[in-house]
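The chain contents come next:
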Amino acid sequence: MKKFLLLAVAAVIPVLMSAQAQINTKKVKIEDFTEKTLKVVLGGNLFFDQVFKDEVQNRWRISPFEFCSPQEFEELKTDSDYYFLLLVKGQFRKEMEPGLSMITVVKGGENASKGLNRMLDVVTVPIMSLKDPSGREFAFLPAILDILQEHILLSMEKDVAGYSGLELYTAKIGKTDGKKILFAEEDLSDEITDKVRKVYFKNGIGAAPADSVDRVMSDNTPDTIVSFTVTPADSRKGSFCYKMLIDAQTHELYYYRKHRLNSHTGSGFLLEDIHRIATR
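These numbers come from a predicted model, not from an experiment.

### Some points on the sheet that holds strand S6 (residues 180-184)
Spatially, five strands are ordered S7-S6-S8-S9-S10 in an open sheet, and the strand pairing comes out mixed. With one partner strand each, in any of the chains shown, strand S7 (205-208) and strand S10 (253-260) form the two edges of the open sheet. Strand-to-strand twist of the sheet, defined as the mean angle between neighbouring strand axes without regard to direction, takes the value 20°. Inspection of the sheet shows S6 paired to S7 by four bridges, in the parallel sense. Bridged to Ile181 within S7 is Ile205.

Structure, rendered in structure tokens:
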């Protein structure tokens, strides 16, 4: 009998441990996202807020939402019944000061009393330079909101999505047959010389001024993937440049990578990016 009981307990322990492990995963922690109210925080950037509000009203579809002030966010942030969508300053470990503005979705909870960085980060994406926005963020904001939503839904299904972040979508670059890829000239690094263009800019890959690329995005041009980079106004030690390729019509994310800025590596798509994209 004792042997049977020991065997029974041994059989139950893995089940209990498995259940405990599941409870602690990000997928489980955000499984209630579509049922909870998303508080959209306004008031951080007056120039950006009105457009942000309009686009959220037009595009947010995966959960109920309400707008709130920064003061209301401070009052509600420890409540796990709420998620929050807000614009934040992004500062990396080696940066002396923040260089980017980012759109983030976080979950309320007790840890919020210790600071925003202690809240559960559902998904975060850079949107513009903090000190000197280019204006391109307005053309790409609708796509960014759609990307956030798609990633949240995928993270609710698969833990790999929640933990990998948006870098996961770079694998889709191999599924762009039949689509044009249009880079903004301003999104290309100094490494992309005329010689490099002669080698790689063919078979539907090209470049154009940023305003032309933004128009392609705003017009939802079909079968066209366009570039968008976000980098600090002044390159500084410890900062990163983010590089994205987004379908202008469907808003699917096909490429998302970042690299650290230094004296040798400036902002924009690097040669290694172009090689990876062109040889997909």
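There's more to say after this.
### Some points on the nonpolar core
Among the nonpolar cores identified, the biggest contains 61 residues, and Phe33, Phe52, Leu85, Ile103, Ile152 and Met244 are the most heavily contacted of them. It is helix H5 (residues 137-157) that contributes the most residues to this core, ten residues altogether. Setting aside chain neighbours within four positions, we find Phe52 in contact with Val40, Val41, Leu42, Leu85, Ile103, Leu141 and Leu145. Leu188, Ile205, Leu245 and Tyr255 belong to the second-largest nonpolar core, a separate cluster that totals 16 residues.

### Details of the pairing of strand S9 (residues 240-247)
Burial analysis of S9 places eight of its eight residues in the buried class, which makes it a mostly covered element. Pairing analysis gives six bridges linking strand S8 (residues 224-230) to S9, with the strands arranged antiparallel. In the strand pairing of S9, Ile225 is matched with Asp247. Hairpin connection between S9 and S10: a loop of five residues separates the two successive antiparallel strands, and His251 in this loop has a positive phi of roughly 65°.

### Comments concerning the packing of aromatic side chains
Taken as a whole and assessed by the stated rule, the structure comprises twelve aromatic pairs. Ring centres of Phe47 and Phe138 lie 5.7 Å apart, and the angle between their planes is 80°; on these two criteria the pair is classed as edge-to-face. You can see Phe47 sitting in helix H3 (residues 46-59) and its partner Phe138 sitting in helix H5, a full 91 residues away along the chain. Accessibility expressed as a relative area gives 68% for Phe47, which makes it exposed. Residue classification places Phe138 among the partly exposed residues on the basis of a relative accessible area of 25%. By the ring-pair criterion, three or more aromatic residues cluster together here, those being Phe47, Phe48, Phe52 and Phe138. Geometry around Phe67 places Lys53 over its ring, the cationic atom sitting 5.4 Å from the centre.

### Quick word on the environment of Ser239
Relative to the helices and strands, Ser239 is located in the loop between S8 and S9. Taking the relative accessible area as the measure of exposure, Ser239 reaches 0% and is therefore buried. Each C-alpha atom of the pair Ser239 and Leu261 lies 5.6 Å from the other, and the pair is 22 residues apart in sequence.

### What about the pairing of strand S4 (residues 100-107)?
Of all eight residues that make up S4, eight are buried, and the element is covered over most of its length. Neither face of S4 is exposed, since Leu100, Met102, Thr104 and Val106 on one face and Ser101, Ile103, Val105 and Lys107 on the opposite face are all buried. Bridge count for strand S3 (residues 82-90) against S4 is eight bridges, and the pairing is antiparallel. Looking at S4, one finds that Leu86 is bridged to Thr104. Sheet analysis places S4 next to strand S5 (residues 120-129), joined by eight bridges and oriented antiparallel. Looking at the pairing, Met102 lines up with Pro126 of S5.

Rules used in this analysis
- Residues numbered from 1 in each chain as written.
- Predicted model: local features only at pLDDT ≥ 70, side-chain atom pairs only at ≥ 80, totals over all residues.
- Heavy atoms only, no water.
- Pairing = 2+ DSSP bridges.
- Helix = DSSP H or I, 4+ residues; strand = E, 2+ residues; numbered from the N terminus.
- Axes fitted to C-alpha atoms, helices over the stretch in contact; angles between N-to-C directions.
- Core = buried A, V, L, I, M, F, W, Y, C linked by side-chain atoms within 4.5 Å.
- Buried < 20%, exposed > 50% of the residue type's maximum accessible area, 1.4 Å probe, protein only.
- Contact = heavy atoms within 4.5 Å.
- Phe/Tyr/Trp six-rings, centres within 6.5 Å; stacked < 30°, edge-to-face > 60°.
- Lys NZ or Arg CZ within 6 Å of the ring centre and 35° of its normal.

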